[in-house]
Amino acid sequence: QVQLVESGGGLVQAGGSLRLSCAASGDGSYRMGWFRQAPGKEREIVAAIKWSGGSTYYADSVRGRFTISRDNAKNTVYLQMNSLKPEDTAVYYCAAQTQYSVAPTTGYNDWGQGTQVTVSS
């Protein structure tokens, strides 16, 4: 099992930036992902990154604005969010893909507690 602790959420004006961090402890994950869930909406994947090799995946809605990265030495994953929009407002969750899948969007079994991101217009 992988334990995950997120940090870095907050309130920002539209056009601003935030950086989320996710510290992971424990073994057994292939990828790390950032998901988000807005009120009344289903949870959706935002971005994902492989620990080995660092290949990345982005949802269309954030590609070009968000950047996912990882520091293997610190077992930490980051999500740099630029040009934030009100529609980015959501609770953001970090997750560990502990069930191997070629697809970057499935196999996430361990989740953090979530961090709120609010973008004001």
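Each remark here, short or long, concerns the structure printed above.
Rules used throughout
- By convention here, each chain's residues receive numbers from 1 onward along its written sequence.
- Only residues with pLDDT of at least 70 get local features here, since the model is predicted, and only at 80 or more are side-chain atom pairs given and counted; chain-wide, interface and lining totals rely on the full set of residues.
- As a rule here, side-chain values cover all heavy atoms of the structure and leave hydrogens and water aside.
- By salt bridge we mean one thing: a side-chain nitrogen of Lys or Arg within 4 Å of a carboxyl oxygen of Asp or Glu.
- Runs of E in the DSSP output that reach at least two residues are strands. Runs of H or I that reach at least four are helices, and both are numbered from the N terminus.
- Buried residues are those whose accessible area, probed at 1.4 Å on protein chains only, stays under 20% of the maximum for their type, while exposed residues exceed 50% and partly exposed ones sit between those limits.
- Pairs of N or O atoms are called polar contacts if they sit within 3.5 Å, as long as, within protein, a hydrogen donor faces a hydrogen acceptor (for residues adjacent in sequence, only side-chain-to-side-chain pairs).
- Contacts were defined at the residue level, with two residues in contact if any of their heavy atoms lie within 4.5 Å.
- Following DSSP output, two strands are said to pair if at least two bridges run between them.

1. Some thoughts on the pattern of salt bridges
Following the criterion strictly, the structure yields 4 salt bridges and no others. Residue Arg-36 is joined to Asp-88 by a salt bridge in which the shortest nitrogen-to-oxygen separation is 2.9 Å. Here the residue Arg-36 occupies a position in strand β4 (residues 31-37), and Asp-88 occupies one in the loop between β8 (76-81) and β9 (90-97), the gap between them amounting to 52 residues. Residue Arg-36 is classed as buried on the basis of its relative accessible area of 7%. The partner of Arg-63 in a salt bridge is Asp-60, with the nearest N and O atoms 2.6 Å apart. A single network of salt bridges, built from pairs that share partners, joins Arg-36, Glu-44, Arg-65 and Asp-88.

2. Comments concerning the side chain of Asp-88
Judged by its relative accessible area of 0%, Asp-88 is buried. At a separation of 2.8 Å, a polar atom in the side chain of Asp-88 contacts the main-chain amide nitrogen of Lys-85. Here Asp-88 is in contact with Arg-36, Arg-65, Phe-66, Ser-83, Val-117 and Val-119, once residues within four sequence places are set aside.

3. Brief notes about the pairing of strand β3 (residues 18-25)
Pairing of strand β1 (residues 3-7) with β3, which is carried by 5 bridges, proceeds in the antiparallel orientation. Across the sheet, Glu-6 pairs through a bridge with Cys-22, a residue of β3. Where β3 lies against β8, 6 bridges are found, and the strand directions are antiparallel. In the sheet register, Ser-21 faces β8, and the bridge partner there is Tyr-78.

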